[in-house]
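# Analysis of the macromolecular model
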Amino acid sequence: MSWQYWSDQNIGGLLTVCGRMCKILHMATNLSIDPKLLDRALEVSGEKTKKATVTIALKEFIARREQKRLLELFGNLDWDSDYDYKAERTRK
């Protein structure tokens, strides 16, 4: 079944809110998260819901890992000392 099938399903005669707004199927996931850790994350993030807190935490985790990969490239790329970056900026 495609995402379109799921997003168009009626529940109790009404199209689901998610189906109307984002047109993608979201997966409900049960996680066992340390309650103290989640409470601290709620406090620090300022978010109002656990879902929003976990979502922002995952986004920040991904961003940090991507930054880490970029930092690992420093010193590994060959640099052309003859390259004149200012010459490329001139308008013709």
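For the structure itself, consult the block above.
Residue positions within a chain follow its written sequence, with the count starting from 1. The predicted nature of this model means local features are confined to residues of pLDDT at least 70 and side-chain atom pairs, given and counted, to a pLDDT of 80 or more, with totals for whole chains, interfaces and linings taken over all residues. The side-chain values count all of the structure's non-hydrogen atoms but skip hydrogen atoms and water molecules.

## With respect to helix 4 (residues 50-73)
Only runs of H or I of at least four residues qualify as helices and only runs of E of at least two qualify as strands under DSSP, and these elements are numbered from the N terminus. For a helix, the expected span equals 1.5 Å multiplied by the number of residues minus one. Taking 1.5 Å as the rise per residue, helix 4 with 24 residues should run 34 Å; its terminal C-alpha atoms sit 35 Å apart, in good agreement. Phi turns positive, to about 85 degrees, at G75, one or two residues after helix 4.

## Examining the pattern of salt bridges
Here, a salt bridge means any side-chain nitrogen of Lys or Arg that lies within 4 Å of a carboxyl oxygen of Asp or Glu. Counted by the stated rule, this structure contains 1 salt bridge. Close ionic contact of E43 with R40 constitutes a salt bridge, the shortest N to O distance being 3.0 Å. With a gap of 3 residues between them, E43 and R40 both fall in helix 3 (residues 35-45), about one helical turn apart. Classification of residues uses two cut-offs on accessible area relative to the type maximum, computed with a 1.4 Å probe and protein chains only: under 20% is buried, over 50% is exposed, and between them is partly exposed. Note on E43: relative accessible area 60%, which makes it exposed.

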